Amino acid sequence: MPCTDPRDVTCLADAFDLSTTELRQWELELIWKAIDLRLLRFSPHAERAAADEAIPEQAVWRVIWDGAAQSKDLASGNRKTGINFEGKIRRARWIRAKVSWLVRYVIVTVHTV
């Protein structure tokens with residue numbers, strides 16, 4: 001049974017269907033609910049990348065909320081499990097934000113596409 005409340009997530013399997021790279025609607029809804037509950041946190045990597053590329057934090061949130069969910073990565077090699085969102089920000093730049101879970105909160109990484 002998929003998790004419906006992000007406060008109940010205790011492991012990646014609660015937040016993602018780890019049997020497939022196909023995006024599931026419940027996975028997206030869980031992320032959006034986490035945004036509403038202010039459970040998302042930027043990773044240190046995301047903070048550095050956003051600062052280096054002058055990407056405002058609010059732009060990242062807009063891309064996760066309004067952008068297109070492009071793909072889901074499952075852990076392999078140096079790739080972490082998470083859903084990739086892409087969207088356009090000011091000055092016609094495109095960014096990709098990856099959302100994953102770390103126990104009870106969502107972690108975001110970001111870079112330009």
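Refer to the preceding data block for the structure.
The rules behind these values
Residues numbered from 1 in each chain as written. Predicted model: local features only at pLDDT ≥ 70, side-chain atom pairs only at ≥ 80, totals over all residues. Heavy atoms only, no water. Phe/Tyr/Trp six-rings, centres within 6.5 Å; stacked < 30°, edge-to-face > 60°. Helix = DSSP H or I, 4+ residues; strand = E, 2+ residues; numbered from the N terminus. Contact = heavy atoms within 4.5 Å. Polar contact = N/O pair within 3.5 Å; in protein donor to acceptor, adjacent residues only side chain to side chain. Salt bridge = Lys/Arg side-chain N within 4 Å of Asp/Glu carboxyl O. Buried < 20%, exposed > 50% of the residue type's maximum accessible area, 1.4 Å probe, protein only.

Attention shifts here to the packing of aromatic side chains. When we look at a pair of aromatic rings, we describe it by the centre distance and by the angle of the planes. Applying the stated criterion across every chain yields a total of 2 aromatic pairs. Between Trp32 and Trp65 the ring centres are 6.0 Å apart and the planes differ by 65°, which places this aromatic pair in the edge-to-face class. Here Trp32 is found in helix α2 (residues 25-36), whereas its partner Trp65 is found in helix α4 (residues 57-66), with 33 residues between them in sequence.

On to the environment of Thr20, then. In this structure, Thr20 sits in the loop between α1 (12-15) and α2. Distance in space between the C-alpha atoms of Thr20 and Leu74 is 8.1 Å, their sequence separation being 54 residues. Apart from the residues within four sequence positions on either side, Thr20 is in contact with Lys72 and Leu74. Among the polar contacts made by the side chain of Thr20, one reaches the main-chain amide nitrogen of Glu22 at a distance of 3.0 Å.

Turning to unusual backbone geometry, a few remarks are in order. Although it is not a glycine, Arg38 adopts a positive phi angle of roughly 60°. A positive phi angle is found at Ala54, which is not glycine, with a value near 55°.

Summarising the element assignment, Lys98 is placed in strand β4 (residues 93-102). Here Asp73 takes part through its side chain, which lies 2.9 Å from a polar atom of the side chain of Lys98. In this structure the side chain of Lys98 is engaged in a polar contact, spanning 2.6 Å, whose partner is the backbone oxygen of Lys80.

On inspection of all chains with the given rule, the structure shows 7 salt bridges. A salt bridge links Arg24 to Glu22, with the shortest nitrogen-to-oxygen separation between them at 3.8 Å. A salt bridge links Lys98 to Asp73, with the nearest nitrogen and oxygen atoms 2.9 Å apart. Taken as a pair, Lys98 in strand β4 and Asp73 in strand β2 (residues 68-73) lie far apart in primary sequence, 25 residues in all. An identical accessibility class is assigned to Lys98 and Asp73; each is buried. The network of salt bridges with shared partners includes Asp17, Glu22 and Arg24.

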